Amino acid sequence: MYDIVGKRNWYFAFSALITIPGLIFIILGGLKPSVDYTGGTVWQVRYADAPIASEVHTALVELGYPEAVVRDAGGGFLEIRTRPIDLLPATTPAPTASPLPSGVTPAPTASPSPTPSPSPSPTPIPVGTLRPTASPSTSATAAPSASPSPTPELVVPGTPFDDLEKQLIARFGAGAPRRIITVGPTVGSELIRSSIILIVIGELFILLYLWARFGFRYGTAAIVALLHDVIVVVGAFAMLGFFFGLEFDALFVTALLTIIGFSVHDTIVVFDRIRENRVRHAGEPFGAIVNHSILQTLGRSINTSLTVVVTLTALLLLGPATIRTFALALLIGVISGTYSSIFNASQLLAAWYEWDAARKARALAAARKAPRTAAR
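Residues numbered from 1 in each chain as written. Predicted model: local features only at pLDDT ≥ 70, side-chain atom pairs only at ≥ 80, totals over all residues. Heavy atoms only, no water.

Visitor: Kindly report on the pairing of strand β4 (residues 77-82), identifying the contributing residues and their values.
Guide: Within β4, six of the six residues are buried, leaving the element largely enclosed by the surrounding structure. Burial along β4 is two-sided: Phe77, Glu79 and Arg81 facing one way and Leu78, Ile80 and Thr82 facing the other are all buried. Sheet topology places strand β3 (residues 69-74) next to β4; five bridges connect them, and they run antiparallel. Each bridged residue has a counterpart across the sheet, and for Asp72 the counterpart in β4 is Leu78. The hairpin turn running from β3 into β4, its antiparallel successor, is two residues long, and Gly75 in that turn takes a positive phi close to 70 degrees. (Buried < 20%, exposed > 50% of the residue type's maximum accessible area, 1.4 Å probe, protein only. Helix = DSSP H or I, 4+ residues; strand = E, 2+ residues; numbered from the N terminus. Pairing = 2+ DSSP bridges.)

Below is the structure:
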């Protein structure tokens, strides 16, 4: 029978090897939050002249956006990130009529006769910018006709973003926007606060449940393993952000909560088998009972995780770009959660019981020595 518990120091060393670098890069500021958290405007666009990122960045600095970040998004598209820019025109309050004194009635006013007005000359519209379509003007004697509904607006004319877009198009040719997002800094700070609260509450409820179900030692060992998984995922994104500029978005928190649930589910299965084997193998050392339990559940844990890993890998490689960050976080977390359930949580539990048994043995030996010393 393979002795998994006897080699736990190797597993602890490997866990330290994959968590300590992540913690270092977290401290160094490797985590790159997306616009969902920091606030700002991000859009992806492809210009006719196919400029490089540095050329667009230079233009944005000249236009008053020195904080802009421009990078290649693939397929000829550039991703531009700036401070928040309004996508909607400023609303002007409607004028309110002043109330008339009591007893005074408003004089009737004759409505002017409609006169045909010449239709304005069409304004050139850049390629790739969606505009609302309106019905052409009609003469006073023409029969009324229903105007067609406006098309979906991507950029509203006359807004600050529209002005910036026109200046960039004048420099680099017609643009084809693909995605535009604007998030205010207040929304970003509220999202950060709610994300932290969600993770803390999730960990706390899991801890209370495990304490009630298995006891203090089991629950504490499981929470340590969960913290290991969270640090591995966050540390991996910190390293990827430090070296490759990878950003995490709002789905990242969803991925962390999913990882916590998946990891503790696997840990509960192992803990349940340990509790059953303590009755079946009463009298055996606790480390041997843990080893039996791990070997009995090892195949199930690996097979269950492999099915999820295959699905997430396909989603990461073939899925849309908007959920690749989510799929990557889940993939790292599922692998780490499977490892921590088998090689961290159970090993911590075995080490804790063996340390406590050794402490009690030393205390008993000291108590037996005390009467002999006093008799001498």
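Text resumes after the structure shown.
Visitor: If you had to explain unusual backbone geometry to someone new, which residues and values would you point to?
Guide: Look at Ala50: it is not a glycine, yet its phi comes out positive at around 50 degrees. Tracing the chain through its elements places Ala50 in the loop between β2 (40-47) and α3 (53-62). Exposure remark for Ala50: the relative accessible area of 59% places this residue in the exposed category.

Visitor: Tell me about empty space enclosed by the protein, and please be specific about residues and values.
Guide: If you walk through the whole model with that rule in mind, you get two cavities of 30 Å³ or more. Here the largest cavity defines a volume of roughly 60 Å³. The wall of the largest cavity is formed by Trp43, Val45, Tyr47, Phe161, Glu165, Leu168, Ile169, Gly175, Pro177 and Ile180. Secondary-structure elements contributing two or more residues to the lining of the largest cavity are β2, α4 (160-172) and β5 (175-183). (1 Å grid on protein atoms, 1.4 Å probe; cavity = no way out; pocket = protein on both sides within 12 Å on 5 of 7 lines; lining within 4 Å. Points joined across faces, edges and corners; volume = space filled by probe spheres on them.)

Visitor: Describe the pattern of salt bridges, and please don't skip the residues or the numbers.
Guide: One pass over the full model with this rule turns up 14 salt bridges. One salt bridge in this structure joins Glu247 and Arg81, with 2.6 Å as the shortest N-O distance. Linking Glu247 in strand β6 (residues 247-248) with Arg81 in strand β4, this pair joins segments that are 166 residues apart in sequence. Using a relative accessible area of 21% as the deciding quantity, one classes Glu247 as partly exposed. You can call Arg81 buried: its relative accessible area is 17%. A salt bridge links Arg300 to Asp266, with the nearest nitrogen and oxygen atoms 3.7 Å apart. Taken together, the positions of Arg300 in helix α8 (residues 286-318) and Asp266 in helix α7 (residues 251-280) put the pair 34 residues apart, joining distant regions of the chain. (Salt bridge = Lys/Arg side-chain N within 4 Å of Asp/Glu carboxyl O.)

Visitor: Help me get a handle on the environment of Phe286, residues and values and all.
Guide: Examined against the element boundaries, Phe286 turns out to sit in helix α8. For the pair formed by Phe286 and Ala350, sequence separation is 64 residues and the distance between their alpha carbons is 6.5 Å. Not counting residues within four places of it along the chain, the set of residues in contact with Phe286 comprises Tyr218, Ile274, Arg278, Leu349, Ala350 and Tyr353. (Contact = heavy atoms within 4.5 Å.)

Visitor: Hey, could you go over the packing of aromatic side chains for me, with residue numbers and the actual values?
Guide: By the definition in use, this model includes 17 aromatic pairs. Here the aromatic residues Phe214, Tyr218, Phe271, Phe286 and Tyr353 are joined through ring pairs into a cluster of three or more. (Phe/Tyr/Trp six-rings, centres within 6.5 Å; stacked < 30°, edge-to-face > 60°.)

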